[in-house]
Amino acid sequence: MLRFTTAGESHGPGLVSMLEGMVAGLPLLAGDVNRELARRQQGYGRGRRMQIERDEVEFIAGVRAGQSLGSPIAMLIRNRDWKNWQDVMDPAPREGDPDPRRRAVTRVRPGHADLTGLLKYDRDDARDILERASARETTARVAAAAICRRLLEEFGVRLGSHVTHLGGIDAARPDPMPADINAAADASPVRMLDASAEASVTARIDEAKQAGNTLGGICEVVADGLPVGLGSHVSWDRKLDGRLAAALMSIPAVKGVELGLGFDTARRMGSEVHDEIEAAPGRPLAGNVRRRTNRAGGTEGGMTTGEPLVLRVAMKPISTLMRPLGTVDVATGQAAAATAERSDVTAVPAMGVIAEAMVAFVLAQAWLEKFGGDSLDEVRRNYDGYLARVAERIGG
Ligand code: EPS
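This is a predicted model, so every value here is computed, not measured. (Residues numbered from 1 in each chain as written. Predicted model: local features only at pLDDT ≥ 70, side-chain atom pairs only at ≥ 80, totals over all residues. Heavy atoms only, no water.)

Undergrad: Help me out: how do you make sense of the nonpolar core in this one?
TA: Soluble globular proteins: nonpolar side chains tend toward being buried together. In terms of nonpolar packing, the biggest core is built from 79 residues, with L363 and W367 touching the most fellow members. Looking at this core, the element that brings in the most residues is helix α10 (residues 348–371), giving 16 residues. Discounting residues that sit within four places of it in the chain, W367 has contacts with L152, F155, V157, L226, P227, L230, G372, V379 and Y383. V105, A126, I129 and L130 belong to the second-largest nonpolar core, a separate cluster that totals six residues. (Core = buried A, V, L, I, M, F, W, Y, C linked by side-chain atoms within 4.5 Å. Buried < 20%, exposed > 50% of the residue type's maximum accessible area, 1.4 Å probe, protein only. Helix = DSSP H or I, 4+ residues; strand = E, 2+ residues; numbered from the N terminus. Contact = heavy atoms within 4.5 Å.)

Undergrad: I would appreciate a short explanation of a nonpolar patch on the surface in the present structure.
TA: A cluster of nonpolar side chains, namely L115, L119 and V330, defines an oily patch on the protein surface of about 250 Å² accessible area. By the element assignment, L115 lies in helix α4 (residues 114–120). (Patch = residues over 30% accessible without salt bridge, like charges linked within 9 Å, V, L, I, M, F, W, Y side chains within 5 Å. Areas by Shrake-Rupley, 256 points an atom, 1.4 Å probe, with all protein chains shown as cover. Salt bridge = Lys/Arg side-chain N within 4 Å of Asp/Glu carboxyl O.)

Undergrad: What exactly am I supposed to notice about the sheet that holds strand β1 (residues 3–7) here?
TA: Within a beta sheet, neighbouring strands are joined by backbone hydrogen bonds and run either parallel or antiparallel to one another. With respect to topology, four strands assemble into an open sheet ordered β1-β2-β7-β4, the strand pairing being antiparallel. Pairing within the sheet leaves two strands with one partner each, and these edge strands are β1 and β4 (57–61). Strand after strand, the sheet turns through a mean of 20° between neighbouring axes, direction not considered. With four bridges connecting them, β4 and strand β7 (residues 73–78) associate as antiparallel partners. Of the residues in β7, the one forming a bridge with V57 is I77. The strands touched by helix α1 (residues 30–40) within the sheet are β4 and β7, with β4 carrying the most contacts at an inclination of about 135°. (Pairing = 2+ DSSP bridges. Axes fitted to C-alpha atoms, helices over the stretch in contact; angles between N-to-C directions.)

Undergrad: Sorry if this is basic, but what is going on with unusual backbone geometry here?
TA: Geometrically, the link from D175 to P176 is a cis peptide bond, its omega value of 0° lying close to zero. Look at A65: it is not a glycine, yet its phi comes out positive at around 50°. Its location among the elements puts A65 in the loop between β5 (63–64) and β6 (67–69). Of note, R191 is a non-glycine position whose phi angle comes to about 55°, a positive value. In this fold, R191 is placed in the loop between α7 (181–185) and α8 (195–210).

Spelled out as structure tokens, the structure:
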């Protein structure tokens with residue numbers, strides 16, 4: 001079973017990411033991971049923190065001579081900002097310090113984990129919660145997923161994402177989509193594929209910053225080159241659509257996930273929802289058929305169809321407002337303005353990269369369930385054998 005765990009506080013010494021269950025023999029360089037970490041750091045609307053950090057991974061275990069060993073892969077990403085926070089985040093008790101809990105947060109932010117976490121974990125200082133609830137943690141997710149992505153690349157799977165909406169402004173979806181979505185999206189400061197929307201979006205972000213406010217948005221993730229049959233219809237927890245939705249909803253501030261037409265399917269007649277099927281010799285990945293449309297977004301019955309997987313992910317505005325909302329100070333019980341500490345105006349462009357990462361992880365997990373083995377070569381043999389069988393079915 002492929003799985004990963006992360007550890008790390010936003011302003012602690014660093015982040016740890018551990019991926020277990022990856023096959024041996026996967027070519028893997030720190031640069032493969034660092035490239036994805038750098039993509040996650042981009043995007044107009046981020047705060048000063050991203051100028052401090054330059055996320056880079058150190059392999060601590062599981063990699064030798066540029067290849068995975070099949071053992072757990074452990075990675076460390078150091079926080080450069082740690083040097084500015086050592087007195088606040090010191091793991092040791094600060095004996096004799098008159099202010100051992102510097103920068104305590106008691107004016108809990110509406111919409112943040114501050115209050116719920118503080119009550120659940122019985123803490124007095126919401127910093128004990130917010131340091132882990134911070135989206136800084138997604139760095140470690142992207143690191144684990146970069147390795148999953150390397151596995152998928154070996155089989156020609158391509159993942160990309162772009163922003164379709166930010167702060168009330170829609171970006172047009174190009175038709176056809178560019179062959180390399182990320183090459184185009186990463187060149188845009190807001191990761192949109194619509195140059196005409198960029199200027200108004202960056203202006204909207206500037207306005208929100210000026211007003212001490214924050215903005216949300218929507219990203220689309222596309223995965224291409226998948227074979228029919230990842231996931232399964234047989235049990236609820238093996239359905240790929242459900243697993244993708246759960247993984248994407250776990251991203252901080254994400255409030256909605258759609259697959260294909262998503263919510264719009266509920267408003268249409270059946271004939272305007274389902275994708276007609278026609279024979280298409282020479283498309284072994286899809287079983288030698290083609291869907292005339294891809295309204296389903298690449299799954300039927302909780303399994304990939306072989307058509308592109310298309311997901312949309314909605315993120316609410318960040319809950320740290322520089323012009324804060326009203327709250328209660330948990331230290332006094334009195335009404336107060338919520339804490340306003342350094343943050344981003346929007347992180348929607350970065351969320352697209354994180355959504356890609358979560359999709360890559362779920363797909364790699366389903367891949368190893370279907371074609372699993374202990375080495376890359378073994379997985380390749382299983383994949384080739386399956387594809388050969390699928391290719392000799394319809395019209396073969
Ligand atoms: C975050 C607040 C900001 C963001 C941070 C997430 O950090 P800071 O509190 O240090 O200014 O920049 O995101 C990251 C550090 C990152 O790597 O994405 C928050 O409160 O969630």
